[in-house]
Amino acid sequence: MSDPIRSPFQAPALIASYGLSSLLTPDGELMELGKDELRAQLRTMPPPLLIHGPATLRILSLPPEPPPAPWFDLLELFLFVHPARSATPTARGIGLELGLLTPEALKETILTADILYQICEKLVQDLQEAAQTPSIKARLHAFLIPLRQAGWSWAPFLEQFLHETSSTFATAAPKRSTAYDILKVWKRLPQWEEKAQRPHPGSQPVDPTAARKRLATMLGHSAEPRPGQADFASAVTHAFRPRDIPNAPNIILAEAGTGTGKTMGYIAPASLWAETNDGAVWISTYTRHLQRQIEQELIRLYPDAEQRRQKAVIRKGRENYLCLLNLEDILNTVQNRPPQQKHSLIPLTLLIRWAECTSDGDLMGGDLPGWFGELFSHGLLSAIADRRGECIHAACPHYQTCFIEHSIRRAQHADLVIANHALVLSQAAWNALIPQKRAPADIADENGIPTRYVFDEGHHIPDAADSAFSLTFSGLEAAELRRWLLGAEGSRSRARGLARRMDDILERLPELQAPFQTLIYATQKGLPRPGWSLRLQATREQPTQGTETPPGTIPEDLDHPAEIFLFMLERQLLARREEEHQQQRGDVSHTRQECDLHPTIPDLTEATEHLLNALQAILRPLDQLIKLISEQLEAPAEEGDMPFRQRLESTLRSLYRRAFSRLQGWVGILRTIITPPNPHDHPLYIDFIRRERLPALRTMEESYDIALNRHWLDPTIPFASTLQSTTHGLLMTSATLRDRDGDDTEEESWEKAEQRLGTTHFLQPPLRAALMSPFNYAQQTRAYIITDVPKDMASLAHAFQRLFETSRGGALGLFTAIQRLKEVHRRIHEALALQGLPLYAQHVDAMDNATLIDVFRTEPHSCLLGTDAMRDGVDVPGEALQMVVFERTPWPRPDILHRERRRLLSGGRPGAYDDQITRMRLQQAFGRLIRRSDDYGVFVTLDRRMPSRLLSAFPKGVPIKRLPFDDALSEIEVFLQERREAR
């Protein structure tokens, strides 16, 4: 007789907390236990029913369990039953998503463990309803076969449950050859079909009155009144006027105060222009999270889901999507492992279950729950996406079902494309090359060439441009290019080299063979060999004192141009930085790991010459390959040859983007070492050397990557130059376009904004618009600067704890240093949890930022600690956020890049340049506090040295006081209580 199948309903149920955890024993006893008592109880019980196993282990200070996990994790069951549907990974979050809890349940402080049985029962019922359809039931059974073989704890229970729901279902196990057929999801996915190329869009303007009417229709009668929203929609129609001058797009800077409703305000005219002119408007924002927020707003414009899917498309870089070829490679690898090593089939099978239901295959911020990687491994998501740039496009056997290709083709015919700044700037840079004949003709970006852009969160444009147009030569970057060209070298990696990606092209065009082989040989000789980081590390560990080796001597192990160059870069860094030197700004210290490039040490020049020759040896055959492929594309296409032509086009893009343009940039920066710039000339670039820890080797001592960096002094110069030729209309909008400097006139504040955002580099000056926030900040907010909190960690933690207790949750703590955040969390999380105030923290909890925000928004009385990622773009309305606490004034980090920009771009007022950046950060942080007309909240900074000149960052009318901590705490308590009663 076989062993009885263990049921999750017979397991103890556990909701872990840093304070008292809730445990329901198999005997039905409900207990509240501290950490030590709970750990003792769990040792005597079978594995429990819980939510988010890794987070539970962390809360209980238990070591990770080797896979497969023995417990019943309801998040895993949720993934199986409801793929492509997300929920906050807490008992309350799943209960709300499944309809088990009412909104009133949000007011409850703590849910007890018995709710887990209710959640489990509801999920089982949902599974039973789905299994009423025979085809779905058969698929569910098929998915359970690999899950059972992998040791998934839920598999035996679900198999027996599905079997009991139908006596006619065949229980015989399938043959081994077909057992894994269910995992070959690419065989079941729909194929995309080519459509006729979309004509160039028209040039009809958008009437401001029509924009107002479209907005009113979208909002309906039940929407919250937002004064100024219609004015905003009317004003931004300027960006949708036809262009009158070549290379001079119509630009509007629209500052929309918090609460204006700018998203719907620009969607109204954008959708009208797209419909009237049969063209696409690209809406760009800064983060994936904000992309999804905009997508949710579009429900008002397109209530029908299918229409919304056709009219509005989210576009991201290829690295965000599931790659079916990578999936097949991983699946083949896992299938061939021995049975005891097949536990990785659990996340892989659940991911495949999601893949057959997903709307677009987006792994990062799409309909795959953000906590998937936290449950299993973020490494799987990285491996299964095209993060290495190895896409073979039309040569891929899954090309017709590819999620990325589906998305690209939908975007080509959509009205609204929701992208991010990084993708927009990348495609704009590529398109700008075409008219200059620096790139092959007729090979535009695969996403097309938009003529109308909306840059939401426009204050991030300088940062996004800085990232997009900067250049880095490092050991990691150079080794990555070598791997992209050569593939895996003597390792078990699945990396595909250029030969494998181009084999069909090389076979059909034999004239490419000679330059291709030259390229491979030059790459082997010129770029860092595998193991470069270990060799550089070994040179650091060699003794230098008491030997006869003169300083700067190249170790014998380094006989490669790139590795010798990296060695010399590090020598210059170590020579120029003072030992353990620290720069001080207030209490913020940063160990120097960078130095200026110029003047260079003598030995670096010689190493540069050798590397320059090696890189040019790679560029020459690469350039020849590009020219030969371009000539092939310029020849008349033969009938039925379109798939091969598409292969050539995609290969050409990849060669140019991934290799040629990067190598050209490296050659350019190396030449400035040979021929240094005139120090009296105003520079375009900032060149410096920086050393950083290698992510893959964090457990090893002194594991560093050394990098030569080049940044534009003003990154909005390339931003403007790449957009001005192809763009006809451009809207930049944000709540914080302008710095609130109390000494500036209205005109001066706009001039500074135009300079910072780069609109001064366009031929036509922008139109300006400003809509004030509708909120009554004098009544809804208070701001306090605490004057007597000491600098030590104990005092800082004590201040955070008392503030969070006074707010009764709903508090966001912002830090300028990760280490201080972790230390404050360590000191106060248990004390807060005992009072029913759960504390979550970025860099501490096993959750990504988006998931943490969802938890913070869902869990009543919770508090959250974060860094600058939590400062911008977080939307938490209502009582879920009623206090923001800054531990220090968020001054800019005093690195070389900032030093040079404040020196050369500040107009002789470097202090004012620092103040501007800091005020903008304070504006963004304060903007998290009030999101709706009935919100209220308190802003607190624990830095008594915050200067008064920064206080203009807060909206007019905000009462600001400098008070001792106890006095401020009393006022805060009275204010919050009064606002709660008034609400």
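What you see is a predicted model; the values in this text were computed from it and never measured.

A. Summary view of the overall build of the protein chain. Secondary structure assignment for the protein chain yields 37 helices and 25 strands. The C-alpha atoms of the protein chain give a radius of gyration of 30 Å, which matches the 30 Å a tight globule of 983 residues would have. Counting only C-alpha atoms and orienting by the principal axes, one finds that the protein chain spans roughly 80 × 80 × 75 Å. Of all 983 residues assigned to the protein chain, the portion counted as buried reaches 56%. For the protein chain, the proportion of contacts with a sequence separation of at least 24, taken over those separated by at least 6, is 77%. Carbon and sulfur atoms make up 50% of the accessible area of the protein chain, which amounts to about 42100 Å² in all. Once the 112 positive and 124 negative side-chain charges of the protein chain are each reduced to a mean point, those two points are 1 Å apart.

B. Quick look at the nonpolar core. Leu 74, Phe 80, Trp 154, Leu 322, Leu 348, Leu 351 and Leu 363 are the most contacted members of the largest nonpolar core, which totals 73 residues. Those residues in contact with Leu 322 that lie beyond four places of it in its chain are Leu 327, Leu 351, Trp 354, Ala 355, Gly 361, Leu 363, Ile 384 and Phe 403.

C. Structural view of the pairing of strand β19 (residues 781–786). The element β19 is extensively covered by neighbouring structure, given that 5 of its 6 residues are classed as buried. Two elements, β19 and strand β24 (residues 937–941), share 5 bridges in a ladder whose sense is parallel. The residue of β24 that forms the bridge with Ala 783 is Phe 939. Across 4 bridges, the pairing between β19 and strand β25 (residues 960–963) is parallel. When the bridges of β25 are listed, Tyr 784 appears paired with Lys 961.

D. Summary view of the sheet that holds strand β14 (residues 594–596). Spatially, the 4 strands line up as an open sheet ordered β11-β16-β15-β14, and their pairing is antiparallel. Of all the strands in the sheet, the pair left with one neighbour each is β11 (471–474) and β14. Averaged over all pairs of adjacent strands, the angle between their axes in this sheet comes to 25 degrees, without regard to strand direction. Sheet topology note: the β14/strand β15 (residues 685–693) ladder contains 3 bridges and is antiparallel. Each residue of the ladder has a partner; that of Asp 596, found in β15, is Phe 688.

E. Here's a closer look at the pattern of salt bridges. Across all of its chains, the model carries 62 salt bridges by this definition. Residue Arg 318 is joined to Glu 405 by a salt bridge in which the shortest nitrogen-to-oxygen separation is 3.0 Å. With Arg 318 in the loop between β8 (312–314) and α14 (324–335) and Glu 405 in helix α18 (residues 403–412), this pair connects stretches of sequence that are 87 residues apart. For Glu 405, a relative accessible area of 4% puts it in the buried group. Here Asp 744 ties to Lys 752 by a salt bridge, and the two come within 3.0 Å at their closest N and O atoms.

F. Just the state of the cysteines, in detail. In the structure shown here, the tally under the stated rule is 0 disulfides. Between Cys 391, a free cysteine, and Cys 402, which holds the nearest cysteine sulfur, the sulfur-to-sulfur gap is 6.1 Å. Using a relative accessible area of 23% as the deciding quantity, one classes Cys 391 as partly exposed.

G. Main features of the environment of Ile 251. Inspection of the secondary structure assignment puts Ile 251 in strand β6 (residues 250–256). Taking the relative accessible area as the measure of exposure, Ile 251 reaches 0% and is therefore buried. Between the C-alpha atom of Ile 251 and that of Ile 554, which follows or precedes it by 303 residues, the distance is 54 Å. Excluding anything up to four places from it in sequence, Ile 251 contacts His 238, Leu 730, Thr 759, Phe 762, Gln 764, Pro 766 and Leu 767.

H. Focus on helix α30 (residues 746–757). Given a rise of 1.5 Å per residue, 12 residues ought to cover 16 Å, and the 17 Å separating the end C-alpha atoms of α30 matches this to within 8%. Residues Ser 749, Trp 750, Ala 753, Glu 754, Arg 756 and Leu 757 constitute the buried set of α30. End-on view of α30: buried residues confined to an arc of 165 degrees, all on one side of the axis. Elements that come into contact with the buried residues of α30 comprise β6, α20 (461–469), α29 (716–723), β17 (729–734), β18 (767–771) and α36 (910–927).

I. Quick look at the sheet that holds β17. In space, the 7 strands of this open sheet follow the order β8-β9-β7-β10-β17-β6-β18, with parallel pairing throughout. At either margin of the open sheet sits one strand with a lone partner, and together these are β8 and β18. Averaged over all pairs of adjacent strands, the angle between strand axes in this sheet comes to 20 degrees, irrespective of strand direction. Judged from the 5 bridges that link them, strand β7 (residues 281–285) and strand β9 (residues 416–420) form a sheet pairing that is parallel. Each residue of the ladder has a partner; that of Val 281, found in β9, is Leu 416. Its contacts with the sheet put α18 on β8 and β9, and the angle it makes with β8 is roughly 140 degrees.

J. Structural context of the environment of Gln 291. Inspection of the secondary structure puts Gln 291 in helix α12 (residues 288–297). For Gln 291, a relative accessible area of 0% puts it in the buried group. Separated by 188 residues in sequence, Gln 291 and Ala 479 have C-alpha atoms that sit 33 Å apart. Once residues within four sequence positions are removed from consideration, Gln 291 is found in contact with Thr 285, Ile 314, Arg 315, Lys 316, Ile 418, Ala 419 and Asn 420. At a separation of 2.9 Å, a polar atom in the side chain of Gln 291 contacts the main-chain carbonyl oxygen of Ile 418.

K. Layout of the packing of aromatic side chains. Tallied over the entire structure, the rule returns 23 aromatic pairs. Taking the centre distance of 5.3 Å and the plane angle of 40 degrees together, the rings of Tyr 656 and Phe 660 count as tilted. Residue Tyr 656 and its partner Phe 660 are both found in helix α28 (residues 642–674); the two are separated by 4 residues, about one turn of the helix. For Tyr 656, a relative accessible area of 5% puts it in the buried group.

Rules of the game
- Residues numbered from 1 in each chain as written.
- Predicted model: local features only at pLDDT ≥ 70, side-chain atom pairs only at ≥ 80, totals over all residues.
- Heavy atoms only, no water.
- Helix = DSSP H or I, 4+ residues; strand = E, 2+ residues; numbered from the N terminus.
- Rg over C-alpha atoms; globule rule 2.2 N^0.38 Å.
- Buried < 20%, exposed > 50% of the residue type's maximum accessible area, 1.4 Å probe, protein only.
- Contact = heavy atoms within 4.5 Å.
- Areas by Shrake-Rupley, 256 points an atom, 1.4 Å probe, with all protein chains shown as cover.
- Lys, Arg positive; Asp, Glu negative; His and termini not counted.
- Charge placed at Lys NZ, Arg CZ, Asp CG, Glu CD.
- Core = buried A, V, L, I, M, F, W, Y, C linked by side-chain atoms within 4.5 Å.
- Pairing = 2+ DSSP bridges.
- Axes fitted to C-alpha atoms, helices over the stretch in contact; angles between N-to-C directions.
- Salt bridge = Lys/Arg side-chain N within 4 Å of Asp/Glu carboxyl O.
- Disulfide = S-S within 2.5 Å.
- Expected span 1.5 Å × (residues − 1).
- Arc of directions from axis to C-beta.
- Polar contact = N/O pair within 3.5 Å; in protein donor to acceptor, adjacent residues only side chain to side chain.
- Phe/Tyr/Trp six-rings, centres within 6.5 Å; stacked < 30°, edge-to-face > 60°.

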